[in-house]
There are 2 protein chains.
Amino acid sequence: MLLINGECADQLQVSDRGLHYGDGLFTTIEVQAGQPVFLAYHLGRLQLGCARLNISPINWRQLLIEVETLSQQHYQATDLSCAVVKIIITRGSGGRGYRPPEDCHATRIVSIHPFPDYPPQYWQDGITVRFCATRLGLNPSLAGIKHLNRLEQVLARAEWSDSAIQEGLMLDNKGCVIEGTMTNLFFRKAQIVYTPKLTQAGVAGIMRMIVMELLMRNGIALLEIEVSQAKLLAADELFVTNSLIGLWPVKQLEQHCFSIGSLTRDVQTWLAQYKHDSLRLV
Amino acid sequence: MLLINGECADQLQVSDRGLHYGDGLFTTIEVQAGQPVFLAYHLGRLQLGCARLNISPINWRQLLIEVETLSQQHYQATDLSCAVVKIIITRGSGGRGYRPPEDCHATRIVSIHPFPDYPPQYWQDGITVRFCATRLGLNPSLAGIKHLNRLEQVLARAEWSDSAIQEGLMLDNKGCVIEGTMTNLFFRKAQIVYTPKLTQAGVAGIMRMIVMELLMRNGIALLEIEVSQAKLLAADELFVTNSLIGLWPVKQLEQHCFSIGSLTRDVQTWLAQYKHDSLRLV
């Protein structure tokens, strides 16, 4: 099921700048029993991204309705309790070359997909991760935004096919650890939780923001810093987050093993509760 | 006029990875009286790009025929002596997330467009250029390739609307001058011609390659170097190149004026001759 500017469709104008330049943004939303999870956060980040890239106009009210309608319809049609909604917003069609045309109208694409079948032990026993060779370019003007220029992630994810490895961590060109190919990164050392600064590279994920909020709400010291590989390997606890998985503990990074500590379990509990509450409020 | 995998179409499957991740390449080709100019060079660079991104399979023979057919048909239909063919190659559709699916089939898109109406004085009297604030991220694994991740160029080109400025020069994050938003850069100091190294950022344009070839063929010393803004402003001659414009002299960069020297005129002459010969050979 797919909507382009509110119309059922499965094809896009070839002239769309999303295809020609990756001139747009996207977000991926968990759907529980027909309800999009943390939808307001996702729309909020899309709005920030559109402001950063100066993409407009977007009928946000209409987009909200489209996401909710598609989620409901899919639930009624399939009876699947879990699904995924993907929103893509592009600057729209046209323009001679890179220069955005003045009369550009943004394209909004809303699609719904089956939830990926991750094994339960990823949440329970943790995952195995590696370091990727592909580096993230430094670019403050794009850092943090979930834009459509994702070749670095594609190249990084193509580095391994071993199904025993669930995620790859990416460094920037200065050698700082930034994120996973599809996740953000947190670790605890002693009494403090750290997560990489995303001012030069990386995507500021919705789940990252929510986990930061929950940590602070529960009185846990949190710092955004520049993270070296050594610092990461010396961590007491390590976990990754995104909007679909929530939180996966990391049990192994390259040859180094981590134990899954009480903080990791606490955050998983807080997340589950927060998600439950946010859905109940709708 | 537009062909997707050889079929007349104007719409693309929304699931194409070119839209979702900018997972692909493109090139822009001048067409003279129905003949694509330097087509072999363009296809050669596309092949290198596909090898770098591991995109396949592509029926190159078929693509060649499509470009030539579309160019001919457009010429017969419109009688326009100049046109532009754009080729986009994407990895194709599908895949869960960033990981490319094993059975991916590349998408080839060939479209033809009117030639942009650049005033003749751009070639004769030169153009005015500025420095852009938007920086190019450093990424050796993507440097040189004309891939579909072009948000940096979109942001840079959106920095100015003053029609008195024809091009903007982009620096990388280390402060080295790399290229124009849509052109490559050459300058002469004394007896040596310089052009920026493109090992960390930038697009290695077809016209750049041809101009380098012509300079060397005519016994002119050429060096690829790291270029500072100061070095550029101290140049004796400065010009930009791409496949549509060929060569434009730069008469002014920010507040600094340049005279158009004999080397610039020589290269323009050599280019015209080379283009004429290459078309005659077809």
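Residues numbered from 1 in each chain as written. Chains lettered and ligands numbered in written order. Predicted model: local features only at pLDDT ≥ 70, side-chain atom pairs only at ≥ 80, totals over all residues. Heavy atoms only, no water.

## Considering the interface of chain B and chain A
Part 1: If you look at the interface, chain B gives 53 residues, while chain A gives 53 residues.
Part 2: Seen at the junction of chain B and chain A, the total is zero salt bridges.
Part 3: Between chain B and chain A we count 19 residue pairs in polar contact (both at pLDDT 80 or more) in total.
Part 4: Secondary-structure elements contributing two or more residues to the side of chain B that touches chain A are β1 (2–4), β3 (11–13), α1 (17–21), β4 (24–32), β6 (82–90) and α5 (151–157) of chain B.
Part 5: Element by element, the count of residues in the side of chain B that touches chain A is highest for α5(B), at six residues.
Part 6: In the sheet, strand β3 (residues 11–13) of chain A pairs with β3(B) via three bridges, with the strands oriented antiparallel. (Contact = heavy atoms within 4.5 Å. Salt bridge = Lys/Arg side-chain N within 4 Å of Asp/Glu carboxyl O. Polar contact = N/O pair within 3.5 Å; in protein donor to acceptor, adjacent residues only side chain to side chain. Helix = DSSP H or I, 4+ residues; strand = E, 2+ residues; numbered from the N terminus. Pairing = 2+ DSSP bridges.)

## Regarding the relation of the copies chain B and chain A
Part 1: Superposition of chain B onto chain A requires a rotation of 180 degrees combined with a translation of 0.0 Å along the rotation axis, giving an RMSD of 0.0 Å. The superposition of one copy onto the other is thereby described by a two-fold rotation axis.
Part 2: With an isologous cut-off of 70% or more, the 100% of interface residues of chain B that recur at the interface of chain A puts this contact in the isologous class. (Least-squares fit on C-alpha atoms with pLDDT ≥ 70 in both.)

## A word on the pattern of salt bridges
Charged atoms that come close allow side chains of opposite charge to pair.
Part 1: A full pass over the atoms with the stated rule returns 24 salt bridges over all chains.
Part 2: For A:Glu30, the salt bridge identified is with A:Lys275, shortest N-O distance 2.8 Å. A residue pair is termed long-range when its members are at least 10 positions apart, and A:Glu30 in strand β4 (residues 24–32) and A:Lys275 in helix α8 (residues 262–281) qualify at 245 residues.
Part 3: A salt bridge links B:Arg108 to B:Glu66; its shortest N-O distance comes to 2.6 Å. A residue pair is termed long-range when its members are at least 10 positions apart, and B:Arg108 in strand β7 (residues 107–114) and B:Glu66 in helix α3 (residues 60–78) qualify at 42 residues.
Part 4: With a relative accessible area of 3%, B:Glu66 lands in the buried category.
Part 5: Among the ionic contacts, a cluster of salt bridges with common partners joins A:Arg188, A:Lys189, A:Asp236 and A:Glu237. (Buried < 20%, exposed > 50% of the residue type's maximum accessible area, 1.4 Å probe, protein only.)

## Side note on unusual backbone geometry
Among all residues except glycine, the phi angle is most often negative; among peptide bonds, the trans geometry is most common.
Residue and element names in this part refer to chain A.
Part 1: With an omega of -10 degrees, the peptide bond running from Ser56 to Pro57 counts as cis.
Part 2: Among the secondary structure elements, Pro57 is positioned in the loop between α2 (39–53) and α3 (60–78).
Part 3: Its identity as a non-glycine residue notwithstanding, Phe38 has a phi of 55 degrees, on the positive side.
Part 4: Of note, Phe38 is situated in the loop between β5 (35–36) and α2.

## As for the sheet that holds β4(A)
Residues and elements named next belong to chain A.
Part 1: Sheet architecture is open: six strands sit in the order β2-β1-β7-β6-β4-β5, paired in antiparallel fashion. The strands lining the two open edges of the sheet, one partner per strand, are β2 (7–8) and β5.
Part 2: Looking at chain direction, β4 and β5 are connected through two bridges and run antiparallel. By the bridge assignment for β5, Val31 is matched with Pro36.

## A few points about the packing of aromatic side chains
Part 1: Using the criterion set out here, one finds 19 aromatic pairs over all chains in the structure.
Part 2: Ring centres 5.4 Å apart and planes at 20 degrees place the aromatic pair A:Phe186 and A:Phe239 in the stacked group. Of this pair, A:Phe186 sits in strand β11 (residues 184–189) while A:Phe239 sits in strand β14 (residues 237–242); the two residues are 53 residues apart in sequence, bridging distant segments of the chain.
Part 3: In this structure A:Phe186 comes out as buried when scored by relative accessible area, which is 0%.
Part 4: A connected cluster of aromatic rings, assembled from ring pairs, spans A:Phe115, A:Tyr118, A:Tyr122, A:Trp123 and A:Trp248.
Part 5: A cation over an aromatic ring shows up here: A:Arg157 above the ring of A:Trp160, its NZ or CZ 3.9 Å from the ring centre.
Part 6: We note B:Lys86 situated over the ring of B:Phe26; from NZ or CZ to the ring centre the distance is 4.7 Å. (Phe/Tyr/Trp six-rings, centres within 6.5 Å; stacked < 30°, edge-to-face > 60°. Lys NZ or Arg CZ within 6 Å of the ring centre and 35° of its normal.)

## Let's talk about the pairing of strand β8 (residues 127–131) of chain B
Residue and element names in this part refer to chain B.
Part 1: Of all five residues in β8, five are buried; the element is thus mostly enclosed.
Part 2: Burial of β8 is two-sided: the residues Ile127, Val129 and Phe131 facing one way and the residues Thr128 and Arg130 facing the other way are all buried.
Part 3: In this structure, β8 lies alongside strand β15 (residues 246–253), joined through three bridges in parallel fashion. Bridge assignment links Thr128 to a residue of β15, and that residue is Gln252.
Part 4: When β8 meets strand β9 (residues 167–171), the two strands line up parallel, connected through three bridges. Across the sheet, Val129 pairs through a bridge with Glu167, a residue of β9.

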